[in-house]
Amino acid sequence: MLSKVRNPFIISEGRLGRALVVFMALGFLALVAAGAGAGWASRQNEAHTAAVAHTYQVELAISNARRLIEQGEASRRGYLLTANPDYRDAYHRWSAATPAALARIADLTRDNPDQVAALKLLQREVSALLAQRARTIGLIDSGHADTATTLFRTEASVRRLTTIRDTFERMAVTERRLLAQRDAAQQASVRAFYIILGVAAVLLALVALASLLTIIGYTRDLSRSRDRLRDFNERLEETVHERTSDLSRANEEIQRFAYIVSHDLRSPLVNVMGFTAELAAATTPLAELVDRAEAEAPQIVSDEARLAVREDLPEAIGFIRTSTQKMDRLINAILKLSREGRRVITPEPIDPAAIADTVAGSIRHLLDDRGISFSVRRPMPSLVTDRVAIEQILSNLIENATKYLEPGRPGVITVSGEAKRDRVLLSVTDNGRGIDPRDHQRIFDLFRRSGRQDQPGEGIGLAHVRALAYRLGGTIDVDSEPGRGSTFRLNLPKTYVSQDSAA
Amino acid sequence: MNAHQSVGIVMIEDDEGHARLIEKNIRRAGILNDIRHFTDGTQALHHLFEAEDGPAKNGPALILLDLNLPDMSGTDILQRIKAEGSPLKRTPVVVLTTTDDKIEIQRCYDLGCNVYITKPVNYESFAQAIRQLGLFLSVIQVPAFEGH
C-alpha cells in the first residue's frame, strides 16, 4: 500500500529541470543568433558605406581628371588663337596636374580589371594628346603659330578627345553600376538581418510560451501533490493514532496479565512458605524426641533418623525458605512493575535539577560514606511530565551509580540535561566500573544484572526505569565502557502526551 | 466471641492450604468455635442461606471471605449477604484476601464488609495476622440470632 501511496508525491523535478534548461538554451541560442545577425548586418553596412564612399571618390577623381583635360584643351586653344601667355601658363598648370589625377584614378580602381583596362586606354590616349598639345605649345612659343594652327586643323585631337570623353563616361557608368550592385547587396543583407531577427523573436516567444506552460503544469502538479500529501498526512495521523492505541491496549493487556499472574502466584507461595514454617516448627519436637531417645534408649535411634532430624530436615527447610523468599521478592517486583504501569500519570511542570537534588539529599549519608561527589549541572530544561516517575527514575539511576563504583577511585556522579526541539535529554553520568557492551540492552530486562554480583539487588531497578521511561513516552539507553564509567540517557518528550488507548 | 451462643465461623476460601493455615492459626489464638470451610461460592451461599444448620436458619455466625473464588467473585457473595432484607445483613464479614487493590478495598467497604485484611505473603506475618485476627474474634460481639 505504501508503494502505491509513495508515487504521487514524486513530481519529476528532473524532467522539469531538463525541460527548462532546454528552453533556456534555445532562448539563448536565439539571442546569440540575433546578436550575430546584428553584428553581421552592421559589418555589411560599414562595408557598404566604404564602398559607396569609394565610388564617389572614383567618380570625383574621374571628373577631376576630365576637367583637367578639358581645361588643358581649352587653354591650348586659347593660346593658339590669342598667343596670350596667360593661356600658356594655365595650360601648363592643367597638364602638369593631369598625370597625378590619372594616377589617382589608377590607385582607386586597381582592384577592378575593367577599369584598369579602360584606364590603360585612357592613359595611352591622354599621353598622346598631351604630346600633341605640347608640340602645339612648343610651336607657338618658338613663333611658328601658323604651323601650329595648320597642325591643329589636321590633327585628330577632336577624335581623340571624344575617345577620352567616352572612356571617362564608361568608367563613371561602371562605377555607378557597381554602386547599384552594392546597394542591392546592402538591401539583401538588411533583409537577411530582419529575417534573422524575426526568426529569433519567434523562437524566443515560443520558448517563453513553452517555459510558461511547463511551469504552470509543474505548479499544478505541485499543488495537486501537496493536496495529496495533506490527505495522506491526515490519514497517517489516523493510522498512527490507531496503531498507538493498539499498542497501548496490548501494553495494558500485558500489564493486566502480569498483575494477575503475579497475584495468583502469591497464593500458592503463601502455602509453600506457610507449610514450610509448619514443617520447621514440627522438627523441633521431633529433634527433642530424638535427643531424649538418644539419652534414654540409644539403641533405638538409628543414624538415619539422627541425620534426618538434625541435618537433612533443617537443610531442606532452609533451602525451601531462601528459594521461596527469593520468589516472593521476584513476584513483588513484577507486581510493583505492573502496578506502576497502571498508575495514573499526572503531568505537571517539573524541574529535573531540583528533583535530582532531592534524590541526592535522601541518600546524602550514603554519598558521604562512600566519598562520592555529586553535582547537578545547571541550567537544566524544565519539562511537563509525571513527578513521581521522574523521581523514581533519577533515584534508581543515581543509586545505581553509587553502588557500582570502580574500587579505589572516588566516585563522581553528574546529572545534566539539555533540550532538543520538543525532547529533553537527561543524563546521569558516573565514573564507576562501567558495563560490558554485551549487557547494554540486557540490563534493562527484568531480573538481569551485569558484572560482578557483589551488590544486593534483584535486577529490577533498570527494568522499572525503562518501564517508567516508556510510560512517559520516552526512551532510555546507556553509553558505557568497562572501567571508565557509564552514562544513562533518558530521552523524554518536553510535554507528556497521553498514549493510553482510553485517551 | 461469646462461645456459649456457639457462633459458627464460615470460611469461604478456595485455597485448601490457606484454609488450613488460617484454621491452624485461629486455633492457636485459642478460638475453639466451629469452623465450616467452603472452597466455592455456590456451596458457601447454599450453606449461608439454605442449609438447616446454616447461619440464616440456625444461629449467629462470622464469615471469613476470600475474594478470588473459582465460580464467582467474593464481592458477589458479600453483596448477597449485605443486601437489603438479607437475614445475614448484620453478620460480620471479614474479607481476607491477597488483593490489596485500593479500588477493590473501597468497593468491599462500600458493600458493607466489616473488616478487610490483606493476606501477608510472608508467612510469619501471615501467621501473626491470623493469630491477631483470632484474638480480635475472641472479643468482638456478634448480633444474636434473629431467625425463628
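Analysis parameters
- Residues numbered from 1 in each chain as written.
- Chains lettered and ligands numbered in written order.
- Predicted model: local features only at pLDDT ≥ 70, side-chain atom pairs only at ≥ 80, totals over all residues.
- Helix = DSSP H or I, 4+ residues; strand = E, 2+ residues; numbered from the N terminus.
- Buried ≥ 20, exposed ≤ 12 C-beta atoms within 10 Å, placed from the backbone.
- Contact = placed C-beta atoms within 7 Å.
- Nonpolar A, V, L, I, M, F, W, Y, C, P; charged D, E, K, R; others polar.
- pLDDT = per-residue confidence, 0-100.
- Axes fitted to C-alpha atoms, helices over the stretch in contact; angles between N-to-C directions.
- Parallel < 35°, antiparallel > 145°, perpendicular 65-115°, else oblique.
- Left-handed = near helix turned anticlockwise from the far one by under 90°.

## A word on the overall build of chain B
Right, on to step 1. Looking only at helices and strands, chain B features 5 helices and 5 strands.
Right, on to step 2. Counting from the amino terminus, helix and strand elements in chain B follow one another as β-α-β-α-β-α-β-α-β-α.
Right, on to step 3. A total of 148 residues make up chain B; the buried ones form 37% of that total.
Right, on to step 4. Within chain B, contacts between residues separated by at least 24 positions form 69% of all contacts whose residues are at least 6 apart in sequence.

## A closer look at the interface of chain B and chain A
The extent of an interface is frequently quoted as the accessible surface area lost upon association of the parts.
Right, on to step 1. Each partner contributes residues to the interface: chain B has 11 residues there, and chain A has 11 residues.
Right, on to step 2. Mapped by element, the contributors of at least two residues to the side of chain B that touches chain A are helix H1 (16–28) and helix H5 (123–139) of chain B.
Right, on to step 3. The biggest single contributor to the side of chain B that touches chain A is H5 of chain B, with 4 residues.
Right, on to step 4. Looking at side-chain class alone, the side of chain B that touches chain A contains 5 nonpolar, 3 polar and 3 charged residues.

## Here we look at the confidence of the model for chain A
Right, on to step 1. In this model, chain A carries an average pLDDT of 85, and 96% of its residues clear a pLDDT of 70 or more.
Right, on to step 2. Note on residues 1–6 of chain A: pLDDT is under 50 here. Beyond four places in sequence and across chains, it has 1 contact.

## A short note on the packing of helix H3 (residues 74–82) of chain B against helix H4 (residues 102–111) of chain B
Each pair of packed helices can be described by the angle between their axes along with the distance between the axes.
Residue and element names in this part refer to chain B.
Right, on to step 1. Contact pair H3 / H4: the axes reach a minimum separation of 9 Å and the direction vectors enclose 20°. Considering the angle they form, H3 stands roughly parallel to H4. Handedness of the H3/H4 crossing: left-handed. Contacts between H3 and H4 involve Thr75, Leu78, Gln79 and Lys82 from the former and Arg107, Cys108 and Leu111 from the latter.
Right, on to step 2. Residues that form the contact of H3 with H4 fall into these classes: 3 nonpolar, 2 polar and 2 charged.

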